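Residues per chain, in single letters:
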Amino acid sequence: MVLNSAHRGARSLAPENTLAAIRKGRAVGAHLWETDISVSRDGRLVLFHDDTLDRTTDALSRFPGRASYALSDFTLAELKQLDAGSWFIQSDPFGQIAAGTISDEEIQGFAGIRIPTLEEGLAFTVQEAWPVNLEIKRLVGRAVGFPVVAESLTVIKKSGINPHDVRFSSFDHRLLDEIKTKAPEYAIQALIGEIGSPINNWGTLAYDTYNANQSLSTPDEIRAIVAQGKTVNLYTVNDPHRMRAFIEAGATTLITDFPQVLKMVLDER
Ligand code: G3P
Ligand code: MG
């Protein structure tokens, strides 16, 4: 069975990496969700993708004149004051408001929505017994050197989540090696094909599972890697034709901004 993973939650239907997007991913039938772990100035783990706050929050107007808008320069208390949803209403990044696929009531709920902590995201996934792919972002700025693996494991263990419902991924494979040593009960997935990279670098195929960039790949390449006994997941597959082609090629999970579309593709089968 191919798994449908809601990228940053269902980010075409709600502001990415918010509880609204997470809930929406569940509601439209994703088998799991993907999210990004970042580190605040005071060492708290939050679900946030970008290194800086400007694209998806009101940090510039809420905290004018700051020397830096890097997430790692804001404390959790400051991050919790930010509106992480109004940008979605204003920019309609995937055209889904214009298309009428999001109700007025849902849209109203996006305004003022907060950046969730890892604890808050996990509480939903525990309650629903719904698996999660936790991507640990590369540490940048003030966060460099922070013990993000140890801290993530502490939070995850405290959440009560079933280890089978967690898979870790990262472009920084050293973090995955650390997880493998400290907590082998959690699955790890090696992310490859980071922005700026011309190819998916499979290296020596040292990991059992790879999460590869679909835009740098072809179904034939995936077929060849799967034939070598590897599990391959692909991000971010939004086009139904590409979805079908990668499913045929033997992909295990498709990470998509449109879990509602992938659900239809999988239901055809
Ligand atoms: O985990 C897949 C994907 O999320 C990796 O890229 O930049 O969207 O976090 P990015
Ligand atoms: Mg990610």
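Residues numbered from 1 in each chain as written. Chains lettered and ligands numbered in written order. Predicted model: local features only at pLDDT ≥ 70, side-chain atom pairs only at ≥ 80, totals over all residues. Heavy atoms only, no water.

## A short note on the pairing of strand β9 (residues 253-256)
Side-chain alternation along β9 places T253 and I255 on one buried face and L254 and T256 on a second face that is also buried. Here strand β1 (residues 3-7) pairs with β9 via 4 bridges, running parallel. Bridge pairing in β9 links S5 to I255. In terms of strand pairing, strand β8 (residues 231-235) meets β9 through 3 bridges, oriented parallel. Its bridge partner being in β9, N233 is matched across the sheet by T253. (Buried < 20%, exposed > 50% of the residue type's maximum accessible area, 1.4 Å probe, protein only. Helix = DSSP H or I, 4+ residues; strand = E, 2+ residues; numbered from the N terminus. Pairing = 2+ DSSP bridges.)

## Quick look at the environment of F94
Structurally, F94 can be placed in the loop between α4 (86-91) and α5 (104-110). Sequence separation between F94 and E185 is 91 residues; the distance between their C-alpha atoms is 37 Å. In this structure, F94 is in contact with R11, S12, D257 and F258, ignoring residues within four places of it in sequence. (Contact = heavy atoms within 4.5 Å.)

## Focus: the coordination of the magnesium ion (ligand 2)
Each donor-metal-donor angle would ideally measure 109.5 degrees in four-coordinate tetrahedral geometry, or 90 or 180 degrees in six-coordinate octahedral geometry. Protein coordination at the magnesium ion (ligand 2) comes from E34 (OE), D36 (OD) and E135 (OE), with a distance range of 2.0 to 2.2 Å. Mapped onto the polypeptide sequence, the residues donating to the magnesium ion (ligand 2) form the spacing pattern E-x1-D-x98-E. Highlighted residues: D36 in strand β2 (residues 32-39) and E135 in strand β4 (residues 132-136), separated in sequence by 99 residues. Pair check on accessibility: D36 and E135 agree, each one buried. (Donors = N, O, S within 2.8 Å, 3.2 Å for Na, K, Ca; no water.)

## A look at the packing of helix α1 (residues 19-27) against helix α6 (residues 118-128)
Orientation of α1 relative to α6, taken along the N-to-C sense of each, is 20°, at an axis distance of 10 Å. Between α1 and α6, the angle falls in the class roughly parallel. Of the two elements, α1 crosses α6, and the hand of that crossing is right-handed. Together, L19, I22, R23 and R26 of α1 and E120, G121, F124 and E128 of α6 make up the contact between the two elements. Here the contact of α1 with α6 is built from residues that sort into 3 nonpolar, 1 polar and 4 charged. (Axes fitted to C-alpha atoms, helices over the stretch in contact; angles between N-to-C directions. Parallel < 35°, antiparallel > 145°, perpendicular 65-115°, else oblique. Left-handed = near helix turned anticlockwise from the far one by under 90°. Nonpolar A, V, L, I, M, F, W, Y, C, P; charged D, E, K, R; others polar.)

## Here we look at the site of ligand 1
All residues in the neighbourhood of ligand 1 are listed as H7, R8, E34, D36, H49, E135, K137, F171, L191 and Y235. Interatomic distance of 2.8 Å between a side-chain N/O atom of H7 and an oxygen atom of ligand 1. Interatomic distance of 2.8 Å between a side-chain N/O atom of R8 and an oxygen atom of ligand 1. Class assignment of the residues belonging to the shell around ligand 1 gives a composition of 3 nonpolar, 2 polar and 5 charged. (Near = heavy atom within 4 Å. Polar contact = N/O pair within 3.5 Å; in protein donor to acceptor, adjacent residues only side chain to side chain.)

## As for the nonpolar core
Core analysis: the largest hydrophobic core is formed by 54 residues, its most contacted members being F168, W202, L234 and L254. With near-sequence residues (within four places) excluded, W202 lies in contact with I192, Y210, A212, E221, I222, I225 and V232. L53, F74, A84 and I115 belong to the second-largest nonpolar core, a separate cluster that totals 13 residues. (Core = buried A, V, L, I, M, F, W, Y, C linked by side-chain atoms within 4.5 Å.)

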